[in-house]
Amino acid sequence: MTLVEVAGLEVSFGHEPPVVHDISFTIEDGECLALVGESGSGKSVTARTLLGLAGERARVRARTLRVGGADARNFSHRDWQRLRGKSVGMVLQDALVSLDPLRRIEDEVAESIRLHQRDSTRAERHQRVLEVLTEVGVPEPELRSQQYPHQLSGGLRQRALIASAVATRPDLVIADEPTTALDVLVQHQILRLLEEIKEQGRGLLLISHDLAVVAKLADRIAVMLDGRIVETGPTERIVGSPEHPYTRTLLDIARGRRAQRPPYTGGQTLLDVDGVTKDFGERRAVAGVSLTLRAGETVGLVGESGSGKSTLARMVMGLTEPDEGRILLRGQPWSGTPERARRAQRRHIQLIQQDPQAAFDPRHTVGRIIAEALPGQRGARRRARVTDLLATVGLDAHLARRRPHQLSGGQRQRVAIARALAPQPEVLICDEPVSALDVSVQAQVLDLLSELQQRLGIALLFITHDLTVVEQTSDRLLIMKDGEIVEEGLTKAAFEDPQHPYTNALLQAAPRLPGSPTAPKGELR
Amino acid sequence: MSATTAAFDTARPRWRATRGSHILLAISTLAVALIVALLLFPGVFAPYAPDTNDVQHTFSPPSSTHYLGTDQLGRDVFSRLVYGARYSVTTGLVATAIAVVAGSLVGLTAAAGSRLADALIMRLTDVWMAFPEVLLALLVIALIGTGSTQIAVAIGVAAVPYYGRLVRGQALAVTKAEYVEAAKILGVPAWRYVLRHVLPNVGGPVVVLASLGTGSAIAAAAGLSLLGLGPLPPTPEWGVMLAEGQTYLANAWWIAVFPGLAIVVVVLISTMLGRSLQARSLR
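Nothing here was measured: the structure is a model prediction, and the numbers come from that model. (Residues numbered from 1 in each chain as written. Chains lettered and ligands numbered in written order. Predicted model: local features only at pLDDT ≥ 70, side-chain atom pairs only at ≥ 80, totals over all residues. Heavy atoms only, no water.)

> Outline the interface of chain A and chain B, listing residues and values.
On the side of chain B, 29 residues touch chain A, which itself brings 38 residues to the contact. For the pair chain A and chain B, the summed buried area comes to about 3100 Å², and 53% of that belongs to carbon and sulfur atoms. Looking at the side of chain A facing chain B, the largest losses of area belong to A:Glu56, A:Arg343 and A:Glu372, adding up to 21% of the total buried there. Remark: the boundary between chain A and chain B carries two salt bridges. (Contact = heavy atoms within 4.5 Å. Buried area = accessible area lost by both parts, 1.4 Å probe. Salt bridge = Lys/Arg side-chain N within 4 Å of Asp/Glu carboxyl O.)

Right under this line is the structure:
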């Protein structure tokens, strides 16, 4: 049965040009269609249109728009309400904000049953909630159904959200970036769960920016760019022989194919972290971590959220003091020294944060933001240096007059890099520098960082949860788990022959396309 | 061919700063400029002196010679309002200034101090806020006596906890902001990043609250004067004029109504200014 049939769909807001342009696709039952594209490509708007949630000011036009067997073009508000939750279930990206913090999991999951099966009794609904929680792999459903969202881990929350989407056994499930907010291992589990939902004979519309994530699950892929589907076809064909240049770019990025780095030749030790420990109350965030960073070297520090990697970064930056151990910068004591003494040394070590928007004073222009990193320089000389730095990161000089919110995500991160480079540091700490960016922009920023490093001989410490990012950028690799380093070695060696079971699990859970430099060895279940 | 147009969803578009708020800001800025001119050069606007008695023309209704009429002693109501702005508006401004300065000190102390100091100060402001502002002001007046300055101090003191709470919250948020950390990482000295990042980002909302607060402070000052706690007659303070006028309300309504209107207009202007500043800062 055809669950969704869309032809010539166009969505626009107000008098602006359409954000979705003449797109057509179908979804059969038991089939998974993936819409792949970057932010602003129109994929989420398309998905929301199928639920009648495009927005109040949205103008939707289509030759054909059939959802759940009915012509949805002239649907009233009530028609849409009947459809939502009953024949179409929706799973959103972030379960923490999508679940009501004040409601128990049971109430959340039972809501759509209550709305669509009005004659159901409380006991029946309770039974169905336990059933569906078990189906989506929530352990101890009796206990979990009585808990609140904040008492659940990220993975369990996402499962609960999926449970509420499939509680009424809808024919079609729409999942909008269902794993983007999750760690690699949890992402792997959720993708397996979605696969099971598909195997039950339901249709699945999967929306993602990451080709590697969808490749395993989708039967067909539609690649979206600027509101149009530029290429569509069976997954094997799209991954195997892409036709559109944009699809090829996305595939290259997903496979981690970037310019090869010359082998690292060695240099003097710039950063020496020796057995640092940090406790927050009872909890040990960082436990006896040691690492060194030498001139011109890139070290990747990989760990999932809560592994202590950001706390380590804060200690390295001299923003938090370690409880035990010490940190040397350029052979001089760095941790435990008074801020007055440290201030003069700060220019040698700089940080690039995950969210560049938050790292800029919203009131200042780009020029002023960069100029703050140039003390003692005034007037024309300072302006020239700001222009210089903007050019170094590939930005035009006129952007100096803009404010941070007027820039794109990629431009903002480039400004952050320009500011970090301004004091001519020898060590650059990058804390998830690309995880807030679109994939193609990620590739550009990573290329820029590695080019700058080779040109300027900076030592880079790359902190990330994403293995594909370090695989191409790092000479050495450290894997962190529960505050400890569990694996340490050359990146190539660690990828080919991981020593710690956790590293192995991470490597195998990482979504990969056929033809990636390091393909997984076995199957992780 | 497209066959249909449909619009769905229940979500309302969020209200945003539009051209309307720019016009509002322009109008209120102009009005504020006019008030400042009244304060500085009342003689330019007022046709008569505020305290010249004219027994020939008592209780004259509004006319072309006396725009807003005359009072029981034949004094020109319009001229008295113009000169009186100096007392009423200034009292409100001084009260707000006292509240902002003291409130900022309280808030910054709480934000920068130890956890115990913070808790103590915050509980104290809770108690403070539990009393109605006018009641607190009356209490202060009971302690320090009556008069224009005393009223300003009393109203200012009563408003301190509101500014204190705002400043504390802002200061806590801004000092933990990543952009302040970024400045620290660049080696910017503490005094400089406090001056450059913390104060301006804390100050924005305070300016908004102060311009909204000035209006209510002016109204409160007039209220206390009406009760006879402010300057004494024949001072052309608006509250005092209101008090004097109410006796003759049945025969000569203009003596009391126009001072009342003046208070309303000034409060309205200050609220307009505050709201339009708020809209801009939310953009």
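Additional details are given in the paragraphs that follow.
> Any details on the sheet that holds strand β9 (residues 203-208) of chain A? Residues and values, ideally.
Residues and elements named next belong to chain A. Strand order in the open sheet formed by six strands is β7-β8-β9-β3-β10-β11, with mixed pairing between adjacent strands. At either margin of the open sheet sits one strand with a lone partner, and together these are β7 (88-91) and β11 (228-234). In this sheet, neighbouring strand axes are inclined to one another by 15 degrees on average, regardless of whether the strands run parallel or antiparallel. By the bridge criterion, four bridges tie β7 to strand β8 (residues 172-176) in an arrangement that is parallel. Looking at β8, one finds that Met90 is bridged to Ile174. (Pairing = 2+ DSSP bridges. Helix = DSSP H or I, 4+ residues; strand = E, 2+ residues; numbered from the N terminus. Axes fitted to C-alpha atoms, helices over the stretch in contact; angles between N-to-C directions.)

> Break down the nonpolar core for me, citing the residues and quoting the values.
By size, the foremost hydrophobic cluster in this structure holds 54 residues, and its most contacted members are A:Ile370, A:Ile417, A:Leu421, A:Leu428 and A:Leu449. A:Ile370 has contacts with A:Val386, A:Leu389, A:Leu390, A:Val415 and A:Ala418, leaving out every residue within four places of it along the chain. (Core = buried A, V, L, I, M, F, W, Y, C linked by side-chain atoms within 4.5 Å. Buried < 20%, exposed > 50% of the residue type's maximum accessible area, 1.4 Å probe, protein only.)

> Before we move on, could you go through the side chain of A:Thr491 and cite the residues and values that matter?
Residues and elements named next belong to chain A. For Thr491, the location among the structural elements is in helix α19 (residues 491-496). With relative accessibility at 4%, the residue Thr491 sits in the buried group. Those residues within four positions of Thr491 in sequence are excluded, and the remaining contacts are Val470, Glu471, Ser474, Asp475, Arg476 and Leu477.

> Any details on helix α16 (residues 409-421) of chain A? Residues and values, ideally.
In this model, α16(A) (13 residues) spans 19 Å end to end at C-alpha, consistent with the 18 Å of a helix rising 1.5 Å per residue. Lining the buried residues of α16(A) we find β17 (349-352), α14 (366-371), α15 (379-392), β18 (427-431) and α17 (439-456) of chain A together with α7 (178-185) of chain B. (Expected span 1.5 Å × (residues − 1).)

> Describe unusual backbone geometry, listing the residues and the values that go with them.
Most peptide bonds take the trans form, and the phi angle of most residues other than glycine is negative. At the junction of B:Pro233 and B:Pro234, the peptide bond is cis and its omega measures out at 10 degrees in the coordinates. Note that B:Pro234 resides in the loop between α8 (190-226) and α9 (238-246). If you check the backbone angles, A:Glu140 has positive phi at about 50 degrees while not being a glycine. Residue placement: A:Glu140 occurs in the loop between α5 (122-135) and α6 (141-145).

> Give a description of the pattern of salt bridges that names residues and reports values.
By the definition in use, this model includes 36 salt bridges over all chains. Residue A:Glu372 is joined to B:Arg196 by a salt bridge in which the shortest nitrogen-to-oxygen separation is 3.1 Å. Residue A:Glu372 is found in the loop between α14 and α15, and its partner B:Arg196 is found in helix α8; the two belong to separate chains. You can call B:Arg196 partly exposed: its relative accessible area is 25%. Overlapping salt bridges bring together A:Arg128, A:Glu131, A:Glu135 and A:Arg169 as one network.

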